Structures are given as C-alpha cells and as structure tokens.
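Given next are the chains, with one letter for each unit.
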Amino acid sequence: PGANANAVKELVLAGMLLGSRRIVDGINHMYSLGEQGLARERVEKDKAMFGGRELKGKTLAVIGLGHIGAATARDAEALGMNV
C-alpha cells in the first residue's frame, strides 16, 4: 500500500493543471491552425482563448487522507489552494 502514491498524486496534480489552464485545448487548436497554415499569424491573437485560471485560491476537496489524499492535499496547499 502506498507504493504508487506519489505517481498517482502527480497525475492528479497534472490533471488539475491541464484542466485549469486548458493546455490540451490550446495544443489541439495550434495543430489545427498549423494544418491550415495559419499558426504563425494567429498565435498572438488566439492565445488569450486558452489562458485558463490559476489554481491559487481555488478550493480542492480531498476525499480520504490516505497516502494519496494526504500527498495531494500537501502539494495542493503548496500551490496556494484551499484544501
């Protein structure tokens, strides 16, 4: 038990960062523009569409404070989240 807690915690935090900053949407948008040959001219105009939100000050509810939950809560607090 707990052997993969750090890996799972990192995946949870990565998912929160990807979702809050809309990183995957931005990457897909740039690929699409690149296929159309428009990436260079539209990157500055379109980047505001994917600014996302900061995690600092947001609230994270952790259900269960075992190895994974406790590690996730600790790192979320380090990011300035309310846990």
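In this report, we go over the structure that sits alongside the text. Here the structure is a predicted model, which means the values were calculated and not measured. (Residues numbered from 1 in each chain as written. Predicted model: local features only at pLDDT ≥ 70, side-chain atom pairs only at ≥ 80, totals over all residues. Heavy atoms only, no water.)

1. Structural notes on the packing of helix α1 (residues 5-21) against helix α4 (residues 67-78)
So, point 1. Running from amino to carboxyl end, α1 crosses α4 at an angle of 45 degrees, the nearest separation of the two axes being 9 Å. Our classification of the angle between α1 and α4 gives oblique. With respect to the hand of their crossing, α1 and α4 are arranged in right-handed fashion. For the pair α1 and α4, the contacting residues are Ala-5, Val-8, Lys-9, Val-12 and Leu-13 in the first and His-67, Ile-68, Ala-71, Thr-72, Asp-75 and Ala-76 in the second.
So, point 2. Residues of the contact of α1 with α4, tallied by class, amount to seven nonpolar, two polar and two charged. (Axes fitted to C-alpha atoms, helices over the stretch in contact; angles between N-to-C directions. Helix = DSSP H or I, 4+ residues; strand = E, 2+ residues; numbered from the N terminus. Parallel < 35°, antiparallel > 145°, perpendicular 65-115°, else oblique. Left-handed = near helix turned anticlockwise from the far one by under 90°. Contact = heavy atoms within 4.5 Å. Nonpolar A, V, L, I, M, F, W, Y, C, P; charged D, E, K, R; others polar.)

2. As for the side chain of His-29
So, point 1. Secondary-structure assignment places His-29 in helix α2 (residues 23-36).
So, point 2. Polar contacts involving the side chain of His-29 include one to the side chain of Asp-46, which spans 2.8 Å. (Polar contact = N/O pair within 3.5 Å; in protein donor to acceptor, adjacent residues only side chain to side chain.)

3. Digging into the pattern of salt bridges
So, point 1. Scanning the entire structure with this criterion turns up five salt bridges.
So, point 2. Between Arg-42 and Asp-46 there is a salt bridge, and its shortest N-O distance comes to 3.0 Å. Pair noted here: Arg-42 and Asp-46 are both in helix α3 (residues 39-46), with a separation of four residues, about one helical turn.
So, point 3. The exposure class of Arg-42 is partly exposed, given its relative accessible area of 26%.
So, point 4. Linking Asp-75 and Arg-74 is a salt bridge whose minimum nitrogen-to-oxygen distance equals 3.9 Å.
So, point 5. When salt bridges with common partners are traced through the structure, they connect Lys-9, Arg-74 and Asp-75 into a single cluster. (Salt bridge = Lys/Arg side-chain N within 4 Å of Asp/Glu carboxyl O. Buried < 20%, exposed > 50% of the residue type's maximum accessible area, 1.4 Å probe, protein only.)

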